[in-house]
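Chains, contacts and geometry: an overview
Given next are the chains, with one letter for each unit.
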Amino acid sequence: DTGVSQDPRHKITKRGQNVTFRCDPISEHNRLYWYRQTLGQGPEFLTYFQNEAQLEKSRLLSDRFSAERPKGSFSTLEIQRTEQGDSAMYLCASSLENRDIAYEQYFGPGTRLTVT
Amino acid sequence: AQTVTQSQPEMSVQEAETVTLSCTYDTSENNYYLFWYKQPPSRQMILVIRQEAYKQQNATENRFSVNFQKAAKSFSLKISDSQLGDTAMYFCAFMKHWGNTPLVFGKGTRLSVIA
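Residues numbered from 1 in each chain as written. Chains lettered and ligands numbered in written order. Predicted model: local features only at pLDDT ≥ 70, side-chain atom pairs only at ≥ 80, totals over all residues. Heavy atoms only, no water.

Looking now at the side chain of B:Asp86. For B:Asp86, the position within the fold is in the loop between β9 (74-79) and β10 (88-96). In this structure B:Asp86 touches B:Lys38, B:Arg63, B:Phe64, B:Ile79, B:Leu111 and B:Val113, once residues within four positions along its chain are discounted. (Helix = DSSP H or I, 4+ residues; strand = E, 2+ residues; numbered from the N terminus. Contact = heavy atoms within 4.5 Å.)

So, in structure tokens, the structure goes:
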């Protein structure tokens, strides 16, 4: 078990370009979450999956954002036509789903996006 | 909607001393979970301690303990015998009881432990 991994760790892009981030959760975890963290703020929820099903999307997730989790394993988060306001740390977390117990969410190291 | 408030943006403590970080929250839920997460500089977030709202006993993990006041909607973290490795951002977070829903985080408190 190597923990949650994210790729790339850093991404610099020009405004208007598309970017895609990848998250590999802990292998037996069926829940996968995406959060966004801007400087001086706590992480804010974007979207989450149970297996391959996307269960909820935040209002923060505009039409330019899309996330997938094909086959219920790794997940990708794509941002189209990036804007400077998209500059942030994008965090991925995974956990086991259980109605009765709040299993810990394990976080990855994040992908830091800078839009110039 | 749930909100989490951390009113101390920055704190410092001498090594080996005790420090308390504050957190308040607002919710209409009766059953929920509360967490403290630690985010060291340039490193990933890790769980420090969690509390189930239906448990009256305060959670403890080694040098870390909480003071959970459900009626006051307060959830503070006490770090005893502070160590240099405790230097980090600390986030208070809320989760609704059912189904491992997404976390709602506060803005964080930056803790510096001074030698």
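All right, on to the packing of aromatic side chains then. Under the defined criterion, the tally for this structure stands at 18 aromatic pairs over all chains. Ring centres of A:Tyr35 and A:Phe45 lie 6.3 Å apart, and the angle between their planes is 70 degrees; this geometry places the pair in the edge-to-face category. Highlighted residues: A:Tyr35 in strand β4 (residues 31-37) and A:Phe45 in strand β5 (residues 44-50), separated in sequence by 10 residues. Judged by centre distance (6.1 Å) and plane angle (70 degrees), the rings of A:Phe107 and B:Phe105 are edge-to-face. (Phe/Tyr/Trp six-rings, centres within 6.5 Å; stacked < 30°, edge-to-face > 60°.)

This part takes up the interface of chain A and chain B. Contact with chain A, which involves 27 residues of that partner, is made by 20 residues of chain B. Here chain A packs against chain B, burying approximately 1900 Å² in sum over the two surfaces, 49% of which is carbon and sulfur. Across the contact surface, chain A and chain B share 0 salt bridges. Inspection of the chain A/chain B interface yields 5 residue pairs in polar contact (both at pLDDT 80 or more). When residues in the side of chain A that touches chain B are grouped by element, the largest group, 4 residues, is from β4(A). (Buried area = accessible area lost by both parts, 1.4 Å probe. Salt bridge = Lys/Arg side-chain N within 4 Å of Asp/Glu carboxyl O. Polar contact = N/O pair within 3.5 Å; in protein donor to acceptor, adjacent residues only side chain to side chain.)

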